[in-house]
Amino acid sequence: MALNETIIHELSTTAKALVAHNKGLLAMDESYSTCNKRFAKLGIPQTNEMRLAYREMLVTAEGLNEGISGAILFDETARQNLQDGTSFIEALAGKGIIPGIKVDAGTVALALHSGEKITEGLDNLRERLKEYLAMGLKFAKWRGVITIGDNIPTKGCIEANAHALARYAALCQEEGLVPIVEPEILMDGEHGLERCYEVTEQVLHTVFNQLYKQGVMLEGIILKPNMVVPGLACPIQASVDEVADATLECFLRTVPAAVPGIAFLSGGQSSELASARLNAMNLREKSRRPWELSFSFGRAIQQPALEIWNGRDENVLKAQEALYHRVVCNLAARSGTYKEEGKK
Ligand code: 13P
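The notes below deal with the structure included here. (Residues numbered from 1 in each chain as written. Predicted model: local features only at pLDDT ≥ 70, side-chain atom pairs only at ≥ 80, totals over all residues. Heavy atoms only, no water.)

Structural notes on a positive patch on the surface
Applicable threshold: Note on patches: the residues involved have over 30% relative accessible area and no salt bridge, like charges join within 9 Å, and the nonpolar side chains Val, Leu, Ile, Met, Phe, Trp and Tyr join within 5 Å. All accessible-area figures derive from a Shrake-Rupley calculation using a 1.4 Å probe, and residue coverage is judged against the displayed protein chains alone. Each reported salt bridge corresponds to a side-chain nitrogen of Lys or Arg within 4 Å of a carboxyl oxygen of Asp or Glu. The charged-residue count follows a simple rule in which Lys and Arg add positive charge and Asp and Glu add negative charge, with His and chain termini not counted at all. The location of each charge is read from NZ of Lys, CZ of Arg, CG of Asp or CD of Glu. Only DSSP runs of H or I reaching four residues or more are called helices, and only runs of E reaching two or more are called strands; each is numbered from the N terminus.
Residues Lys 37, Lys 41, Lys 117 and Arg 299 make up a contiguous surface patch of positive charge. Position of Lys 37 relative to the elements: it lies in helix 2 (residues 32-41).

Next comes the structure, spelled out in structure tokens:
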């Protein structure tokens, strides 16, 4: 089935709106286990009430919509209400923030591929997307995970993940939701910048090949990739400019200009480095960046607020200020006006 004119228009309008006005995405779609792990590290009780209170703190932060165009929710949150009775979806939409949802079901071991993962969630996805659309959600997210290590990633793993991403993206577009296509190459490991470049190039090339084969309309997606960075345990770390140049060169070789926006994940970078690297990319000449270069950060935008909040009502306002600070930093990084913190 080809997409009709109305859906084509809606998809490209939503995709453009997600990366418009120098704004970016707030990824707050941690699964139960990921959210609980982050809470456990800080001694916050891992309960439904705490997850709800934390996420209410995030979405009710004053000024959030100044730099956030869309928020990615987890299924649990998409069905919950704030204390005043409004649903999270209504609360976000009321502030002009487009609500979206994580629709993958997480990763499992890829059979016969030791150390590699595949993302699940294609079963019944069409029905789930129909429900999400009826709930008022406008876009979706699916994350494929690629690990760098001895003899990995394999072609089998890259192709399986790219294929799943493309099937998910096609289903989303058929139902009228913009797919956020997220192939994440993990930062764990001792590998250098060059190895991350090589793998990112191979993965993006394979992903766009699969998107093409599945008939996905590139004007109606957002790409959510990793930046090209050395492994966290690599003894030689790269400068901000080296990361910006390597990332842009890699993307110019693999990401078609028809894609409206690239919204980076943070992947374990510090909040400051993630902003500085995004800023450096947005300082490059326009011909080096045919797409909007935006953010879809989880940890790099939430972590300072999470630490301050620490599960206590009395810390909500201070935590919201910390969140707002990161929003403003990333808004600046979108236009190349972010000033390194500590040097202001
Ligand atoms: P991080 O920015 O913490 O990597 O999270 C982004 C995300 O949505 C991962 O799927």
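Quick look at helix 1 (residues 5-18)
This is how it is decided: Expected helix span is computed as 1.5 Å times (number of residues minus one). Residue exposure (1.4 Å probe, protein chains only): buried if accessible area is under 20% of the type maximum, exposed if over 50%, otherwise partly exposed. Each C-beta atom gives one direction from the helix axis, and the arc is the one those directions make.
Taking 1.5 Å of rise per residue, 14 residues should cover 20 Å, and helix 1 covers 20 Å from first to last C-alpha, within 8% of that figure. When helix 1 is considered as a whole, its buried residues turn out to be Ile 7, Leu 11, Ser 12, Thr 14, Ala 15 and Leu 18. One side of helix 1 carries all its buried residues, which in axial view fall inside an arc of 160°. Opposite the buried face of helix 1, by more than 90 degrees, sit the exposed residues Glu 5, Thr 6, His 9 and Lys 16.

With respect to the site of the ligand
The following threshold applies: Residues are classed as near a molecule or strand on a simple rule: at least one heavy atom within 4 Å of it. Whenever two N or O atoms come within 3.5 Å, that pair is a polar contact, provided that in protein one can donate a hydrogen and the other can accept it, and provided that, for residues adjacent in sequence, both atoms are side-chain atoms. Think of it as three bins: nonpolar holds Ala, Val, Leu, Ile, Met, Phe, Trp, Tyr, Cys and Pro, charged holds Asp, Glu, Lys and Arg, and polar takes everything else, Gly as well.
In the region of the ligand, 13 residues are neighbours, and Lys 141, Lys 224, Ser 266, Gly 267 and Gly 298 sit closest. Here an oxygen atom of the ligand and a side-chain polar atom of Ser 266 are 2.4 Å apart. Backbone polar atom of Gly 298 to an oxygen atom of the ligand: 2.7 Å apart, as the coordinates give it. Protein contacts shield 92% of the accessible area of the ligand, which totals 300 Å² for the unbound molecule. Counting residues per element, the ones that place at least two in the shell around the ligand are strand 6 (139-146) and strand 10 (292-297). Its residues assigned to classes, the shell around the ligand shows 3 nonpolar, 4 polar and 6 charged.

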